[in-house]
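The residues making up each chain are set out below.
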Amino acid sequence: MPAGGRAMEPAPGVADESGPALSARQRRLAAIRRDYLASQPSQPGLASGAGAADCRAAAATDEASPAQALRLLVWAAGLSSLVEGVGDADLSRVLAERLDVHVRVLLLEAGAEAVLEGLDDELLRAVRTGTSWRELEYLCTAALVVHVHPVVRTLDFRRHYKSSPLPVACGVIGNANVRHLVLANKHLDQPMTLRLLLRGMPEVECVDVNGFITPETCHGFFGECMHLAPTLRELDIKGLVCTPARAEGLTELLLRCHRLTSLRIRHFVIDEDTMATVARGFAGSASLRSLDLEVECSPAVEAPLAQAIRDCSTLETFSLEVTDPDQERWAGSHLASAIEHCSCLRAVAIACLGAPESGKSLARAIQANRAIKRVKLRVWIGQLEGRDPGVELLLAKSTTAEMIACPGSTFEDGDLQDFAESLADNTELTELRLMGMTASEAGLAHLAAAVERNTTLRVLEIDCHDLAPIPLSPLAIALRVNSSVTDLTVELQADADAPDALFATLEVNTTLRSVHIAMSRTAPVSGMRLAAAIRNNSTLTSATLTEMAVDAESADAIAEAVAVNSSLRRLSFEVQTMHSELLGQTFARGAAGNTTLTELHLRSVTATEPMIDSIATLIESNAALTTLELGRSWLTEPALTRLSRAIRCNSTLTKLHTGEGRLGTAAQLKQLADAVRVHHGLQFITMPKRQVLVSDYAELDAALSESRQLADHWWRRRGLVLWLRSHR
């Protein structure tokens, strides 16, 4: 820490860092004291040797006085000249009077959060107030993680906007608590910062690179990662472009990291020679269990990659998504052979542009490999030809697969009939996802009959291609008989009878636990049918309704049904139409009388006057709700005033999410802050994402920080989750 220009003042005695059970303040002051001693070797009584040792020993049991601690903090911030000649009694007052943004930033970076909390809370609040939230977020990460909270496990730099993160990198040297490091793009261009971050924390197990590694930065990054080889378990890279020579660094890292179990590389631009180099690392890894690649390459890359998959003896999950600017088709034969003979694989996901037989080759390989349990396969032939037909049939005949996902499935009637017959008799499959499916009405009837007969399926997701909608009424009717499906996701498009059929099924079905119903039609559905389904169903715990409209006459019936339902724990509703406010008020009125609902998500409701009254009544009346999510403009007058009064009457709400929109005035936000202090349980209030000053809602920040449960939930259970996260 630079010492030039700082006043020569005695360093107060503080606890040494090696002492047992030291507080955050003691640890920070000990670190500052150590730097002060190092910068003043000729100061009488502070030189190294017996005198300094005696001073440190005495401090192990004697904590610094408030004035001594404050002077140490001021020295660490390089602000000694700001309070030169000021007596101890006036030190805090004078410092508060001379605060500006620059001084606040320096004090926070020096550790004001740790030193002042509980010692001079009034000064700490003054230091916090008026600094932009971006600066505060950066500095809280720099100061709090390193110097204050030894329980922090995650260090995330993605949202830091300071031009140079070098001071933070210097601060983390020797930190043995951080396990998860998230790097920003700027770190890759600063070798010294990267070196300090990756060498300074010896216990890091997970590294996320939220940036692009280029041929120029590739060697430096992977070289520094070698220092994490004894502990590294997960590596996630947003983008990677490298040459064969530069790829040697990644290969060596894979060979040396004997605990690395997961590697994910998104936007991996690679050629055949580079893949051959990296493939040696995949094949030679002694611990790799999950490999997730999103590559931009030519079909020539398939052969070396397939050989690596075949040779890797530990790989259990393999995911590959291929894009090729030249639109060349993959043969698939190399990958098919590797998948068939890799006995350790348990899950496979492949998406690529393939030759006419590519999909079938891969499906046959998956079928032959009797160890694979989860499959997601999307191999399309071209824009005109569509998908490789018959893939789903081969997968359905697998006697070992437990999950099958086939986006964009295209079925001829005969294929779908064969697929349905295989599905009906399959006793291993528990999860089936057919997204963007294209089929005829007759073909879907076969699928519905199979679902009716199947006794092992637990998760079912079906929606139709936008350009070829098909009626799903037969499927809804089949679910009245099926006794195994517990999780249903369905999109209802052109079929006018499907909503009524599905609501009638929900009335009598006793196995479904979660439903997600999406509508693609503007005509209202039968609200009375929906009300009957909600009232009579006794097993659903989670329901999500998207783009749904009902007739106004049924609003009271729906509200009454929601009020008496005793099984729902989570209800989510989102409609971007004129029906949004009607259904929002309806669900809010019903939830107000419900005694079991704990989560209500109303993302599309805005703060109109009737809606404000409905939401406020809900908060005041419901004694079970813990999470409430709202739409736009809920932190402005008059919504803010009404919400503040309602929160005072509530004792269970812990999370309040608000959408975009302008903030209210400082006085209005203070009403909400006062309500939070009365509530003593509200831990999260999300803010609009627009850039605002912390001074706009300083009182609210302080109230949330003072909430009884906040500190434990933020710091001890979730690691580094800054209180500023609530402003996103």
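Since the structure is predicted, the reported quantities are computational estimates derived from the model, not experimental observations.

Rules behind the numbers
Residues numbered from 1 in each chain as written. Predicted model: local features only at pLDDT ≥ 70, side-chain atom pairs only at ≥ 80, totals over all residues. Heavy atoms only, no water. Helix = DSSP H or I, 4+ residues; strand = E, 2+ residues; numbered from the N terminus. Buried < 20%, exposed > 50% of the residue type's maximum accessible area, 1.4 Å probe, protein only. Contact = heavy atoms within 4.5 Å. Areas by Shrake-Rupley, 256 points an atom, 1.4 Å probe, with all protein chains shown as cover. Phe/Tyr/Trp six-rings, centres within 6.5 Å; stacked < 30°, edge-to-face > 60°. Salt bridge = Lys/Arg side-chain N within 4 Å of Asp/Glu carboxyl O. pLDDT = per-residue confidence, 0-100. Pairing = 2+ DSSP bridges. Disulfide = S-S within 2.5 Å. Axes fitted to C-alpha atoms, helices over the stretch in contact; angles between N-to-C directions. Left-handed = near helix turned anticlockwise from the far one by under 90°. Nonpolar A, V, L, I, M, F, W, Y, C, P; charged D, E, K, R; others polar.

### Points about the overall build of the chain
Helix and strand counts for the chain stand at 30 helices and 21 strands. Looking at the chain as a whole, 54% of its 728 residues qualify as buried. Within the chain, contacts between residues separated by at least 24 positions form 81% of all contacts whose residues are at least 6 apart in sequence. Of the roughly 29,300 Å² of accessible surface on the chain, 50% is carried by carbon and sulfur atoms.

### Examining unusual backbone geometry
Unlike most non-glycine residues, histidine 267 shows phi in positive territory, near 50°. Among the secondary structure elements, histidine 267 is positioned in strand E5 (residues 262-269). Positive phi, normally seen in glycine, also occurs at glutamate 547, with a value near 55°. Relative to the assigned elements, glutamate 547 resides in the loop between strand E16 (542-546) and helix H24 (555-564).

### Thoughts on the environment of arginine 480
By the secondary structure assignment, arginine 480 is in the loop between helix H21 (473-478) and strand E14 (487-492). A relative accessible area of 38% means that arginine 480 is categorised as partly exposed. Separated by 31 residues in sequence, arginine 480 and threonine 511 have C-alpha atoms that sit 9.6 Å apart. Ignoring sequence-local partners within four residues, the contact set of arginine 480 consists of Ala501, Ala504, Thr505 and Val508.

### Some words on the packing of aromatic side chains
In this structure the tally under the stated criterion is three aromatic pairs. Both rings, one in tyrosine 36 and one in tryptophan 75, keep their centres 4.9 Å apart while their planes meet at 75°; by these two values the pair is edge-to-face. Of this pair, tyrosine 36 sits in helix H1 (residues 24-39) while tryptophan 75 sits in helix H3 (residues 66-76); the two residues are 39 residues apart in sequence, bridging distant segments of the chain. A single burial state applies to tyrosine 36 and to tryptophan 75, both of which are buried.

### Observations concerning the pattern of salt bridges
Two side chains that carry opposite charge are able to pair once their charged atoms sit near each other. Per the stated rule, a full pass over the model turns up 21 salt bridges. For the salt bridge of arginine 195 with glutamate 224, the shortest nitrogen-to-oxygen distance reads 3.4 Å. In this pair, arginine 195 sits in helix H11 (residues 191-200) while glutamate 224 sits in helix H12 (residues 215-225), placing the two residues 29 residues apart along the sequence. Overall, the relative accessible area of 29% leaves arginine 195 in the partly exposed class. For arginine 589, the salt bridge goes to aspartate 556, with nearest N and O atoms at 3.3 Å. Remark: aspartate 556 occurs in helix H24 and arginine 589 occurs in helix H25 (residues 580-592); sequence separation between them is 33 residues. By relative accessible area, arginine 589 is classed as partly exposed at 40%.

### Considerations on the confidence of the model for the chain
Confidence along the chain averages 77 in pLDDT terms, with 75% of residues attaining 70 or more. When the criterion is pLDDT under 50, residues 1-20 qualifies, and its contacts beyond four places in sequence or with other chains add up to 56 contacts. Across residues 131-152, confidence stays below pLDDT 50; counting only partners more than four residues off in sequence or on other chains, it has 79 contacts.

### Side note on the environment of aspartate 556
Classification of aspartate 556 by relative accessible area gives exposed; the value is 53%. Distance from aspartate 556 to phenylalanine 587, taken between C-alpha atoms, is 9.7 Å for residues 31 residues apart in sequence.

### What about the side chain of threonine 596?
Examined against the element boundaries, threonine 596 turns out to sit in the loop between H25 and strand E18 (599-602). What makes threonine 596 buried here is its relative accessible area of 18%. Residues contacting threonine 596, with those up to four places away along its chain left out, are Asn565, Ser566, Ser567, Leu568, Arg569 and Ala624.

### Focus on the pairing of strand E3 (residues 206-213)
For strand E2 (residues 180-184) and E3, the ladder comprises five bridges, and the chain directions are parallel. Residue pairing across strands places histidine 180 opposite cysteine 206, the latter belonging to E3.

### Observations concerning the state of the cysteines
Inspection of the entire model under this criterion finds zero disulfides. Cysteine 342 takes part in no disulfide bond, and the closest cysteine sulfur, belonging to cysteine 344, lies 3.5 Å away. Under the relative-accessibility criterion, cysteine 342 is labelled buried at 1%.

### Observations concerning the side chain of threonine 277
Structurally, threonine 277 is set in helix H14 (residues 272-284). Excluding residues that lie within four positions of it along the chain, threonine 277 makes contacts with Pro244, Ala247, Glu248 and Thr251.

### Structural notes on the packing of H24 against H25
Running from N to C, H24 and H25 cross one another at 35°; their axes reach a closest spacing of 7 Å. In this structure, the crossing between H24 and H25 has a hand that is right-handed. The segment H24 lies against H25, with Ala555, Asp556, Ile558, Ala559, Val562 and Ala563 engaging Leu582, Leu583, Thr586, Phe587, Arg589, Gly590 and Ala591. In the contact of H24 with H25, the residues fall into nine nonpolar, two polar and two charged.

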